[in-house]
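Here is how the chains run, residue by residue.
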Amino acid sequence: MDPLKDLRGYLEWLEDNGILVRIKQPVSPILEIPAILRKVMYSKGPSLLFENVKGFENWKIAGNLFPNLKTLANALSVQKMEEIGERLVEPLNAPLPLEFFDKVKSIREISKISSYIPKKTSKANFTENVIEKDNNPLDKIPFFKTWPKDGGKYGTFPMVITMDKEKNVINMGVYRFMVLDGKKGVIHWQIHKRGSMMHKKALEKGEDKIPVAIIIGSDPGTMLTSVSPVPYPLDKALFAGIIRNKGIELYELDNGILVPSNAEVVLEGYVKTKELVEEGPFGDHWGYYDKPVEKYPVFEVDKVYFRDNPIYYGSVTGIPPLEDAILGKAIERMFKPIINFLLPEVVEINYPPEGVFQGMLIVSIKKMYPGHAKKVMNALWGLGQSSLTKIIIVVDSDIDPNDIGKVIWAVSSNVNPEKDVLIIPNSHSDALDPSNEYPSFGSKLGIDATKKLPEENNGKIWPEIVEEDPNVLKSIENVINEIMNFKSNFKINL
Ligand SMILES: Cc1cc2nc3c(=O)[nH]c(=O)nc-3n(C[C@H](O)[C@H](O)[C@H](O)COP(=O)(O)O)c2cc1C
């Protein structure tokens, strides 16, 4: 199927597939809708469309757009999210085309990439309505207040677009946006993210402001791109094409920023590079209000565009797992082939949703040499946003990182705490980690829960794991079947 064309196309698709519930009762974006979204997400409920938004007559609000991984994969027309990462690494993994037919095939593969390239357009539906700065456009948008002690109203899924004009690269990241008044807000781009990189570059050049656009609501592939840790300088608009299997259309705003033409709402303006103000508190994805409140740059709006009968989209955070956990899993699966390209010894990875993604990663490896587990930890701590992971547990390939019971068994039985635990003090860390002594600065923990080779274990051969005798298993089959067929209230799962 052709990629879903915009947020409305996605909502229609969700409804056709029985995944969308429309809510007619009046509800407020201030605390009420966020509380509903959390309750429904915790109970693995459907996507929601609020049709009667208190205080915002013409607006609808969409929520829980990413209710589970299967829905997102189906919406992107893939069986598994890994297929997306494979689109990137497949051409690199392909054997050298030495024969004529292989050469033709390889040219076809490479030309597929050209279909991911974005195209410029002079038409965009969001130009249907424009509110100029003097009319306080931010007051017209139903931003959420997500928790009682939040410092204000927030855009919670704003796709913030900046451009690196030197490298001709488009950046697009979801960084929450705290509304200060009808004309300005604060953008929470953390220091490790692309938006902050552009900010720093501008400061180095002595620039007082940089053009920025914030869009709200787009097709699912473009929204997923915005939260994806795509290695710089791979263009985010190009990556959206890779996720969607077709390039996106870009519309040029008056400030020179290129935005997806299918956006529902667009805030055009600029960031004042030297004006930093306190942002927060905000109930974030770690389940805490951020402390201390940090300073971030001010975004000033020039104008706001939106479609007729606009639809706002917001996500909510809190004690995990919530909607961002689904997006995190999607990213984990998408990037698994890329991790494998760089670290072929990695068999499987699991960022447990309760581990907040930057909190914990469990990785299984095909261990080949002494110290291999620590090499993998160090490699991951050196790799893009996986470098923000606080705790990495490495297990052998016979342990599935998704089987938490087995992981605990491996940690409990295979770890000699004196030798198999790596603590890296004074490390960079996720900006919001509540255990940080200073923002974005903490420490790391690596646990090598693999079975140790003699070289790692004072020459001692690792004990043998017990295993049933297959002949005995065969001889007891009938008895096992009799037990399984026994009708009882006791649930048997042999
Ligand atoms: C719901 C949601 C909210 C997010 N809020 C922020 C935020 O406030 N600040 C931030 O730096 N990253 C935030 N992120 C993570 C970024 O979107 C993510 O790191 C992404 O890779 C950023 O894009 P970039 O790598 O191109 O900078 C959020 C992610 C989600 C799913």
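Residues numbered from 1 in each chain as written. Predicted model: local features only at pLDDT ≥ 70, side-chain atom pairs only at ≥ 80, totals over all residues. Heavy atoms only, no water.

**Q** Which parts of the structure should I look at to understand a nonpolar patch on the surface?
**A** Residues Val 472, Leu 473, Ile 476, Val 479 and Ile 483 make up a contiguous nonpolar surface patch of about 380 Å² in total accessible area. When contributions to the nonpolar patch are tallied by element, the ones reaching two or more residues are helix H13 (470-475) and helix H14 (477-485). Take Leu 473: its relative accessible area is 41%, and that puts it in the partly exposed class. (Patch = residues over 30% accessible without salt bridge, like charges linked within 9 Å, V, L, I, M, F, W, Y side chains within 5 Å. Areas by Shrake-Rupley, 256 points an atom, 1.4 Å probe, with all protein chains shown as cover. Salt bridge = Lys/Arg side-chain N within 4 Å of Asp/Glu carboxyl O. Helix = DSSP H or I, 4+ residues; strand = E, 2+ residues; numbered from the N terminus. Buried < 20%, exposed > 50% of the residue type's maximum accessible area, 1.4 Å probe, protein only.)

**Q** Honestly, the packing of aromatic side chains in this entry has me stumped. Any pointers?
**A** To describe a pair of aromatic rings, one takes the distance between the centres and the angle between the planes. A full pass over the atoms with the stated rule returns 16 aromatic pairs. When the ring of Tyr 10 is compared with that of Phe 66, the centres are 6.2 Å apart and the planes differ by 35°; the resulting orientation is tilted. Placement of the pair is Tyr 10 in helix H1 (residues 7-16) and Phe 66 in the loop between strand S3 (60-63) and helix H3 (69-75), with a sequence separation of 56 residues. Take Tyr 10 and Phe 66: they sit in the same class, and that class is buried. Residues Phe 144 and Tyr 312 carry aromatic rings whose centres are separated by 5.5 Å and whose planes lie at 65° to one another, so their mutual orientation is edge-to-face. Placement of Phe 144 in the loop between strand S5 (129-132) and strand S6 (154-155) and of Tyr 312 in strand S16 (residues 311-313) is noted, with a sequence separation of 168 residues between them. Each member of the pair, Phe 144 together with Tyr 312, is buried. Three or more aromatic residues joined by ring pairs form one cluster here, namely Tyr 10, Trp 13, Phe 66, Phe 157 and Tyr 313. Across from the ring centre of Tyr 270, 3.9 Å away, lies the NZ or CZ of Lys 209, which sits over that ring. (Phe/Tyr/Trp six-rings, centres within 6.5 Å; stacked < 30°, edge-to-face > 60°. Lys NZ or Arg CZ within 6 Å of the ring centre and 35° of its normal.)

**Q** Before we go on, may I ask you to explain the pattern of salt bridges in this structure?
**A** Opposite charge on two side chains makes pairing possible when the charged atoms of those side chains draw close. One pass over the full model with this rule turns up 34 salt bridges. A salt bridge links Asp 2 to Lys 246; its shortest N-O distance comes to 3.9 Å. With a gap of 244 residues between them, Asp 2 in the segment before H1 and Lys 246 in the loop between helix H8 (236-244) and strand S12 (249-252) connect regions that are remote in the sequence. Accessibility expressed as a relative area gives 56% for Asp 2, which makes it exposed. Residue classification places Lys 246 among the partly exposed residues on the basis of a relative accessible area of 36%. Put simply, Asp 164 and Lys 201 hold a salt bridge, and the shortest N to O gap is 2.8 Å. Here the residue Asp 164 occupies a position in strand S7 (residues 159-164), and Lys 201 occupies one in helix H6 (residues 194-204), the gap between them amounting to 37 residues.

**Q** Just checking my understanding: could you explain the site of the ligand for this structure?
**A** Around the ligand sit 17 residues, and of these Val 174, Tyr 175, His 188, Lys 236 and Gln 385 come closest. At 2.8 Å, a backbone N or O of Val 174 approaches an oxygen atom of the ligand. Notes on the ligand: free accessible area 630 Å², of which the protein chains cover 89%. Only strand S8 (169-174) and helix H9 (323-342) provide two or more residues apiece to the shell around the ligand. A per-class count over the shell around the ligand returns five nonpolar, seven polar and five charged. (Near = heavy atom within 4 Å. Polar contact = N/O pair within 3.5 Å; in protein donor to acceptor, adjacent residues only side chain to side chain. Nonpolar A, V, L, I, M, F, W, Y, C, P; charged D, E, K, R; others polar.)

**Q** Help me understand the side chain of Glu 323 in this model?
**A** On the secondary structure map, Glu 323 appears in helix H9. We note that Glu 323 is buried and unpaired, the nearest opposite charge coming from Arg 38 at a distance of 10 Å. A polar side-chain atom of Glu 323 sits 2.7 Å from the main-chain amide nitrogen of Leu 65. A polar atom in the side chain of Glu 323 sits 3.0 Å from the backbone nitrogen of Phe 66. When near neighbours in sequence (up to four residues on either side) are disregarded, Glu 323 contacts Met 41, Asn 64, Leu 65, Phe 66, Tyr 313, Gly 314, Ser 315 and Val 316. (Lys, Arg positive; Asp, Glu negative; His and termini not counted. Contact = heavy atoms within 4.5 Å.)

**Q** Any chance you could explain the nonpolar core here in plain terms?
**A** The tendency in soluble globular proteins is for nonpolar side chains to be buried side by side. Leu 65, Met 81 and Leu 224 are the most contacted members of the largest nonpolar core, which has 60 residues in total. The biggest single contributor to this core is H9, with seven residues. Ignoring anything within four residues of it in the chain, the contact list for Leu 224 reads Leu 72, Leu 76, Met 81, Ile 243, Leu 327, Ala 330, Ile 331 and Met 334. Counting 37 residues, the second largest nonpolar core, distinct from the first, contains Trp 59, Ile 187, Val 304 and Phe 306. (Core = buried A, V, L, I, M, F, W, Y, C linked by side-chain atoms within 4.5 Å.)

**Q** Whenever I open this one, the layout of surface pockets confuses me. Can you help?
**A** To find the voids left in a structure, one rolls a probe of water-molecule size over its atoms. Volume-wise, the second largest pocket comes out at about 440 Å³. In terms of lining, the second largest pocket is formed by 17 residues, of which the most central are Lys 5, Arg 244, Glu 249, Ser 261 and Asn 262. For the lining of the second largest pocket, a count of residues per class yields four nonpolar, four polar and nine charged. (1 Å grid on protein atoms, 1.4 Å probe; cavity = no way out; pocket = protein on both sides within 12 Å on 5 of 7 lines; lining within 4 Å. Points joined across faces, edges and corners; volume = space filled by probe spheres on them.)

**Q** Quick question: what am I supposed to make of the side chain of Glu 268 here?
**A** Summarising the element assignment, Glu 268 is placed in strand S14 (residues 265-279). Despite its burial, Glu 268 pairs with no opposite charge; the closest candidate is Lys 303, at 4.5 Å N-O. A polar contact is formed between the side chain of Glu 268 and the side chain of Tyr 305, at a distance of 2.8 Å. If near-sequence neighbours (up to four positions away) are discounted, Glu 268 is found in contact with Val 212, Leu 253, Asp 254, Asn 255, Phe 299, Glu 300, Val 301, Asp 302, Lys 303 and Tyr 305.

**Q** Help me understand the pairing of S3 in this model?
**A** Of the strand pairs in this sheet, strand S2 (residues 47-50) and S3 are connected by three bridges, and their pairing is antiparallel. The residue bridging Leu 48 from the neighbouring strand is Gly 63, located in S3. Relative to S16, S3 is paired through three bridges, and the arrangement is parallel. Pairing of Ile 61 across the sheet is with Tyr 312, part of S16. (Pairing = 2+ DSSP bridges.)

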